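Structural overview for review
What follows is the residue order along each chain.
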Amino acid sequence: MADDLWIIGVSMTRFMRYKDKDLIDLASDAALGALGDAELTISDVDVLGAGCLFETSGVGQRLQKQIGQTGIPVYNVANACATGATAFRVAAMAIKAGEAEIGLAVGVEQMGKRGLLGAGGPADADKPFEPAGRYGAVGPVDGILGTSLMPGTFAQAGMEYAYVNDGVGFEQFAKVAEKNHAHSALNPLAQYQKAFSLDEIMSGEMIAYPNTLLMCCPTGDGAAAAVLTNSERLKSMPAEVRRRAVKVSASVMTSDPYVDGGSVQYDVNTLTRQAADQAYESAGVSPQDLDLVELHDCFATAELCHYDNLRLCEPGGAGDWIDRRAPWRDGQIPVNVSGGLLSKGHPLGATGIANIYEVSTHLRGEAGDRQIDNAKVGLTHVIGLGSACAVHILERSAA
Amino acid sequence: MDDAHPARIPYVGYLVLDDDEPYLTASECVSCGALYFDRRNACASCGKQEFQSRRLASNGKVRAYTIVHRSTPDVAVPYVSAVVDLDGGGTVKANLVGVKPVPDDISLGMKVTLTTFAVGTDRNGTQAIAFGYRKP
């Protein structure tokens, strides 16, 4: 179809903590890598989408200052942990709208050892109590009115699933981490590349029950980038670029619709289900067609919920699904063969393009030791709390 | 300041410290019944702008919980955070108090009831009172 969208270049840095590179070094590495992969230069690019969550001032333009100031429109975006996917969609939408033929999307983050996300500041002991803000609070609420930090928030999301469904408990959540750490041992781009036994995971430091340390993603640095084009432009590209092109069969973004209690405990399920359903419909693909999935395992408890939200398992059956090892790389639908956020790492702005890098690399048959044989169709999912969700379905080129 | 009865202030605006029986209050959308604890501009469920205040039940059930072992330096750990579905409507997040911070002492679906506790006293001697939930 004339309006199909294609990924022709994709790249990511290894996720880790970089001492000698800054944010723009990382973004440059990924952007130049993706352009080289597409056999293009910055001069060919018509639009740039730049995603970074913690540094929102002109990251795209700062990147251009290093790799090429060509005067094209730049869109700097931030959308929680879906920031990278949002940058990708900026490029995709510009191409779909006919404003651009070649789009570059870059997602980058430098977090270092940032620590727990979601914390407010301590109370000011010298100030008289005075209600402030929309809740009329006289001080910070984290730890006084439940937890606001990410490990506990996602722990509660998992426990909610465990409450409603049978066969889900601490061990099932821990098995998710066992799988993803094992998968990461095959990925040279992962921040950590070490397998752990289920016992090591369950007996590790408890962060927020049931999430132990190894069931929480690390903070880190990294970047990922993708080059997109339309079918018409693809036709005039070198045979090798056409052969390696990956079709974007669905690109969907949702926000969280109203649900009772959603203002108290973020609902990470409904918007994921809606995005997945729209993506399957738009791509004409069913969950059983998927050869691999990269989903948003910021915490082990989250991944288990998303088996169900993405319709990978039977409704309510996520516990049984992990017990049967269905999401392992040799299972029914391999999930997070990159190691996932839990072990590959989660530099927030990069994540939503890094998962596209991972699936594209498998569809091209270039994933080395971790290659899923004969992968034809894959799905990527990210969720940013607050909330934003993106689902992409990618397919191997027929050419 | 009367030392025997220090001035008290609710830690959040949706806690009402009425004599001996504190309770939670919500803004209820007159049109669709959605409940909110914050100051509203309009209803996130239906978009209408008319609200009325509604007193919520003090009893409910634990829909989800977590036991927080690592937090920021100013928060004492471990503690139990829970999402509680209140009888008759409304969902609230708070700490479970008076339970051991171990999974064996807490169960999903467990019945709980509202309680209050003092968080601190400011330089004027005003005591901030927060709420939590305990086993009945």
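This section reports on the structure supplied with the text.

Thresholds, definitions, all that
Residues numbered from 1 in each chain as written. Chains lettered and ligands numbered in written order. Predicted model: local features only at pLDDT ≥ 70, side-chain atom pairs only at ≥ 80, totals over all residues. Heavy atoms only, no water. Contact = heavy atoms within 4.5 Å. Buried area = accessible area lost by both parts, 1.4 Å probe. Salt bridge = Lys/Arg side-chain N within 4 Å of Asp/Glu carboxyl O. Polar contact = N/O pair within 3.5 Å; in protein donor to acceptor, adjacent residues only side chain to side chain. Helix = DSSP H or I, 4+ residues; strand = E, 2+ residues; numbered from the N terminus. Nonpolar A, V, L, I, M, F, W, Y, C, P; charged D, E, K, R; others polar. Pairing = 2+ DSSP bridges. Axes fitted to C-alpha atoms, helices over the stretch in contact; angles between N-to-C directions. Parallel < 35°, antiparallel > 145°, perpendicular 65-115°, else oblique. Left-handed = near helix turned anticlockwise from the far one by under 90°. Buried < 20%, exposed > 50% of the residue type's maximum accessible area, 1.4 Å probe, protein only. Phe/Tyr/Trp six-rings, centres within 6.5 Å; stacked < 30°, edge-to-face > 60°. Lys NZ or Arg CZ within 6 Å of the ring centre and 35° of its normal. Core = buried A, V, L, I, M, F, W, Y, C linked by side-chain atoms within 4.5 Å. 1 Å grid on protein atoms, 1.4 Å probe; cavity = no way out; pocket = protein on both sides within 12 Å on 5 of 7 lines; lining within 4 Å. Points joined across faces, edges and corners; volume = space filled by probe spheres on them.

So, the interface of chain A and chain B
- Across the boundary between the two partners, chain A contributes 43 residues, which contact 54 residues of chain B.
- Roughly 4100 Å² of surface becomes buried between chain A and chain B when both sides are summed, with 59% attributable to carbon and sulfur atoms.
- The largest share of the area that chain A buries against chain B comes from Phe129(A), Arg134(A) and Leu145(A), three residues that together contribute 18% of it.
- The interface formed by chain A and chain B contains 2 salt bridges.
- Measuring nitrogen to oxygen at the nearest pair gives 2.9 Å for the salt bridge that ties Glu205(A) to Arg70(B).
- Applying the counting criterion to the chain A and chain B interface returns 19 residue pairs in polar contact (both at pLDDT 80 or more).
- Among the elements that line the side of chain A that touches chain B, the one with the most residues is helix H4 (residues 150-164) of chain A, at 7 residues.
- Residues that form the side of chain A that touches chain B fall into these classes: 25 nonpolar, 11 polar and 7 charged.
- Judged from the 2 bridges that link them, strand E5 (residues 206-209) of chain A and strand E6 (residues 59-68) of chain B form a sheet pairing that is antiparallel.

Side note on the packing of H4(A) against helix H10 (residues 300-309) of chain A
Residues and elements named next belong to chain A.
- As a packed pair, H4 and H10 sit with axes 8 Å apart at the nearest point and diverge in direction by 45°. Overall, the two elements H4 and H10 adopt an arrangement that is oblique. Remark: the crossing between H4 and H10 carries left-handed chirality. Of the residues in H10, those in contact with Phe-154, Ala-155, Ala-157, Gly-158 and Tyr-161 of H4 are Thr-301, Ala-302, Leu-304, Cys-305 and Asp-308.
- Taken together, the residues of the contact of H4 with H10 break down into 7 nonpolar, 2 polar and 1 charged.

Topic: H10(A)
Residues and elements named next belong to chain A.
- Of all 10 residues in H10, 10 are buried; the element is thus mostly enclosed.
- Buried within H10 we find Ala-300, Thr-301, Ala-302, Glu-303, Leu-304, Cys-305, His-306, Tyr-307, Asp-308 and Asn-309.
- Following H10 by one or two positions, Arg-311 has its phi on the positive side, about 65°.

Remarks on the packing of aromatic side chains
- Tallied over the full model, the rule gives 10 aromatic pairs over all chains.
- Ring centres of Tyr258(A) and Tyr36(B) lie 6.1 Å apart, and the angle between their planes is 55°; this geometry places the pair in the tilted category. With Tyr258(A) in the loop between strand E8 (246-255) and helix H9 (270-283) and Tyr36(B) in strand E4 (residues 35-36), this residue pair bridges two chains.
- Since its relative accessible area comes to 26%, Tyr258(A) is described here as partly exposed.
- With relative accessibility at 3%, the residue Tyr36(B) sits in the buried group.
- Counting every residue linked through ring pairs, the aromatic cluster contains Tyr135(A), Tyr14(B), Phe37(B), Phe131(B) and Tyr133(B).
- Positioned over the ring face of Tyr36(B) is Arg40(B), at 3.8 Å from the centre of the ring.
- Here the guanidinium or amino end of Arg55(B) rests over the ring plane of Tyr23(B), the centre of that ring lying 3.8 Å away.

What to know about the side chain of Ser387(A)
Residue and element names in this part refer to chain A.
- Secondary-structure assignment places Ser-387 in the loop between strand E10 (377-384) and strand E11 (388-396).
- By relative accessible area, Ser-387 is classed as buried at 9%.
- Those residues in contact with Ser-387 that lie beyond four places of it in its chain are Thr-254, Ser-255, Asp-256, Tyr-266 and Leu-271.

Quick look at the pairing of strand E7 (residues 79-86) of chain B
Residue and element names in this part refer to chain B.
- With respect to burial, E7 is a largely interior element, 7 of its 8 residues being buried.
- As paired elements, E7 and strand E8 (residues 91-96) share 6 bridges and run antiparallel to each other. Residue pairing across strands places Ala-82 opposite Ala-94, the latter belonging to E8.
- Count of turn residues in the E7/E8 antiparallel hairpin: 4 residues, of which Gly-88 carries a positive phi of about 85°.

Describing the nonpolar core
- Among the nonpolar cores identified, the biggest contains 98 residues, and Tyr307(A), Leu312(A), Leu96(B), Phe131(B) and Tyr133(B) are the most heavily contacted of them.
- Beyond its immediate chain neighbours, meaning those up to four positions away, Tyr307(A) contacts Val176(A), Lys179(A), Leu295(A), Leu312(A), Cys313(A), Ala318(A), Trp321(A), Ile322(A), Pro327(A) and Val335(A).

Section: the side chain of Gln156(A)
- Considering the arrangement of structural elements, one finds Gln156(A) in helix H4.
- Here Gln156(A) falls in the buried class, since its relative accessible area comes to 0%.
- Within the structure, the side chain of Gln156(A) is placed 2.5 Å from the side chain of Ser81(B), a separation counted as a polar contact.
- Excluding residues that lie within four positions of it along the chain, Gln156(A) makes contacts with Thr147(A), Gln265(A), Ala64(B), Tyr65(B), Thr66(B), Ser81(B), Ala82(B), Val83(B) and Lys93(B).

Some thoughts on the layout of surface pockets
All names here are of chain A.
- Size it by volume and the second largest pocket reaches roughly 250 Å³.
- What lines the second largest pocket is a set of 19 residues, among which Glu-160, Tyr-161, Val-164, Asp-267 and Asn-269 lie closest to the centre.
- Listing elements by their share of the lining of the second largest pocket, those giving two or more residues are H4 and H10.
- Top contributing element to the lining of the second largest pocket by residue count: H4, with 4 residues.
- Grouping the constituent residues of the lining of the second largest pocket by class yields 6 nonpolar, 7 polar and 6 charged.

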